[in-house]
Amino acid sequence: TIVAVNGTASHPIPKTLWGLMYEDISHSGDGGLYGERLQNRAFQQVAPGTTQALNSWSAIGGALIEVVADTIPLSSALPNSLQVLIPEGAGEVGVENSGYYGIEVNPAWTYNASFFYRFPSILPSGSIAANISLVGAESRTTFAASSVTLNPTADWTQVTTSLTPNSSASDINNTFTVTLDGAAFSGVVNFGLFSLFPPAWMGQENGMREDIAQALFELKPSFFRFPGGNNLEGESIATRWQWNATIGPLVNRPGRVGDWGYVNTDGLGIYEYLIWIELMGMQPIMAVWSGYALGGASVPEADLAPYIEQARQQIEFVVGNTSTPGGALRASLGHSKPFILNYVEIGNEARFTCDFISAAPSTYRSYRWASFVDALQNEYPSIRFIATTRYNNPVLAPKPKSYDLHVYQTPTWFRQNGGYYDSVTRDGTTFFEGEYATTSTNSSNLYGIPEQGRLIYPTVQASVSEAVFMMGFERNSDIVFAASYAPLLGHVTEHQWTPNLLSFDSEQVIKSTSYWVQQMFSANKGDWYLPSTLANTAGTLFWSVVKQDTPLAFILKISNAGTATASLVFELPSAVASSGTLIQLQGSATDSNTPDNPNLIVPVTSTIAAKQNLTFTAPALSLSVITVPLA
Ligand SMILES: O=S(=O)(O)O[C@H]1C[C@H](O)[C@@H](O)[C@@H]1CO
């Protein structure tokens, strides 16, 4: 295969091309990116007296425990307490939390631990000691312990302490315990808002889990789409994501029942997202709720005003100057300077109207594009509003400047559709491919179970096929300004979706083969697209050539999605150095990185000989990135 490479760039490659799509799905937030290690830490959004209310909590040493609606709630946002009856004269009694399917015990960390307590009826005669510990769930080995003092008071009082483990645990099956000596006190203690927080990434207050944040940082992402995805929408209108319920002290955040079947604490709220986006060097693509809920309800056009106002306030919180209520609120939290906000998405995907998720147009939800854009664009002229329907279907007014399109498909589909944007009319409309991933090898069942072709982890075959689709974004990045794989994160033990770009349990992170493909593209983005001989879309060999300004170099990406070695000759437009760098990801079709073998398939870097007419042999099922400095 001869690839003639044009010396004149067709267009610059946008800085925003590669980024992250995020929502709290499969514990991406609570139990994942968000640093809190205790699950159900504040008994939010649960019915007192139910088993679910005690999710992740259990009794120690004969204590009787129950979640109650406290007669004196910790706050209006946190009405439920963990009521603990300490029996007469027992030994060590109390409660323990099992975390998010385990808790990492790391002796290099100093954990901040805290909880609120009060004695609702009989007060102890004096102060009593309580122990806060990290313990092996089975071994009952104590890895860290700190004694705190509970004063005889009926008023809510917070204790905080720090825990530094004296050794590592042999596995993740560890718990957080609060115990006291039954001999010192028997009676009722109410607890509220517990927390166990290891050091957060870059030291952000109420911030992110370090290993997950670091793995995302290494993708060099340029944007962060949040808060969803379905999790923006709410199962009902009342349970939609609301920015103003996710800010300020944790005792003021009620949390909500998320769209993926678990309670969202909203400890990771809009302010934490925005600070982290800044620390990561990204920019937000922020969604506003747009009138429809996942369960089917939608707000009649005539009743939208309060929801449009809430969206306006959400934007004002992000970019308003401090003379506005939103800007003043932001400043009061510590960030008087407006955040960057160039993109606001109206809704998530208007349910079944996004591309490729085929459904009869009749199922279109009432998509409220005009109501929101008419109200918001004038006040925020520099913000580009993104529509989330099919492209021009339905035809929307005012004409959207940008669309967010989603696709979940098979490896074959991605291999055959690298040219998806080639034929789109250039009329100024730009595109955000906000969600794409190989979900299955079965084109007639994209969302089934593994026995029907569903992927649990990305495979080499899936990832090198996604690379072909991504080469299409590079080639068309005059109109594709952003693209992100979805879902980004998934907990190995408890998830609602597979595959995910990055999997994790309570201790380790598993970078998938698709994670590495994203990293290879994003870290080698280049600055200019150089047109070259088009590949045969029915074939299995694809390439993309870009030019990097600093240091000056050609970057060649080659995806061999076939099962046979393939050779190409690149006829480069100018002289090059005698050697270049090759980064290569290669494996068998169904190879995946898994918790048991997280580094089975990783990119390998080597030096290769280079010349202006560069011959390259691409191994079967491989993605290669060759950087060749200009002479
Ligand atoms: O059920 S789906 O619509 O397929 O859900 C998909 C599309 C939605 O935007 C996102 O939240 C989810 C998985 O990434």
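First, a word on scope: everything that follows refers to the structure included in this document. On a predicted model such as this, the values are computed, not experimentally measured, just so you know. (Residues numbered from 1 in each chain as written. Predicted model: local features only at pLDDT ≥ 70, side-chain atom pairs only at ≥ 80, totals over all residues. Heavy atoms only, no water.)

As for the environment of Val299
Argument step 1. Note that Val299 resides in the loop between β17 (283-288) and α4 (305-319).
Argument step 2. With relative accessibility at 4%, the residue Val299 sits in the buried group.
Argument step 3. For the pair Val299 and Asn392, spaced 93 residues apart in the sequence, the C-alpha separation amounts to 23 Å.
Argument step 4. Excluding anything up to four places from it in sequence, Val299 contacts Ile237, Trp289, Gly291, Leu304, Tyr307 and Arg368. (Helix = DSSP H or I, 4+ residues; strand = E, 2+ residues; numbered from the N terminus. Buried < 20%, exposed > 50% of the residue type's maximum accessible area, 1.4 Å probe, protein only. Contact = heavy atoms within 4.5 Å.)

Quick word on the site of the ligand
Argument step 1. Lining the immediate surroundings of the ligand are eleven residues, of which Glu23, Asn230, Glu349, Tyr408 and Glu435 lie closest.
Argument step 2. A distance of 2.8 Å separates an oxygen atom of the ligand from a polar atom in the backbone of Asn230.
Argument step 3. Glu349 places a polar side-chain atom, nitrogen or oxygen, 2.8 Å from an oxygen atom of the ligand.
Argument step 4. Calculation on the ligand without its partners gives an accessible area of 360 Å², and the protein chains cover 90% of this total. (Near = heavy atom within 4 Å. Polar contact = N/O pair within 3.5 Å; in protein donor to acceptor, adjacent residues only side chain to side chain. Areas by Shrake-Rupley, 256 points an atom, 1.4 Å probe, with all protein chains shown as cover.)

A closer look at the packing of aromatic side chains
Argument step 1. This structure, assessed with the given rule, holds 45 aromatic pairs.
Argument step 2. Seen in terms of ring centroids, Tyr436 and Phe473 are 5.3 Å apart; in terms of plane orientation they differ by 70 degrees. Their pairing is edge-to-face. Taken together, the positions of Tyr436 in strand β21 (residues 430-438) and Phe473 in helix α8 (residues 460-475) put the pair 37 residues apart, joining distant regions of the chain.
Argument step 3. Residue Phe473 is classed as buried on the basis of its relative accessible area, which comes to 1%.
Argument step 4. One cation-aromatic arrangement involves Arg454 over Trp497; the distance from NZ or CZ to the ring centre is 4.9 Å. (Phe/Tyr/Trp six-rings, centres within 6.5 Å; stacked < 30°, edge-to-face > 60°. Lys NZ or Arg CZ within 6 Å of the ring centre and 35° of its normal.)

Quick look at the pattern of salt bridges
Argument step 1. As enumerated under the stated definition, the model contains 18 salt bridges in all.
Argument step 2. The salt bridge partner of Lys511 is Glu218, with a shortest N-O separation of 3.2 Å. Of this pair, Lys511 sits in strand β25 (residues 509-511) while Glu218 sits in the loop between α2 (210-217) and β14 (223-226), and the two are 293 residues apart along the sequence.
Argument step 3. The exposure class assigned to Glu218 is partly exposed, which follows from its relative accessible area of 32%.
Argument step 4. A salt bridge links Asp478 to Arg426; the nearest nitrogen and oxygen atoms lie 2.8 Å apart. Separated by 52 residues along the polypeptide, Asp478 in the loop between α8 and β22 (480-485) and Arg426 in the loop between α7 (411-416) and β21 bring together distant segments of the chain.
Argument step 5. Since its relative accessible area comes to 34%, Asp478 is described here as partly exposed. (Salt bridge = Lys/Arg side-chain N within 4 Å of Asp/Glu carboxyl O.)

Details of unusual backbone geometry
Argument step 1. With an omega dihedral of 0 degrees, the bond running from Phe226 to Pro227 counts as a cis peptide bond.
Argument step 2. Looking at where Pro227 falls in the secondary structure, it is placed in the loop between β14 and β15 (256-257).
Argument step 3. In this structure, Pro551 follows Thr550 across a cis peptide bond, with omega equal to -10 degrees.
Argument step 4. Examined against the element boundaries, Pro551 turns out to sit in the loop between β27 (541-548) and β28 (553-560).

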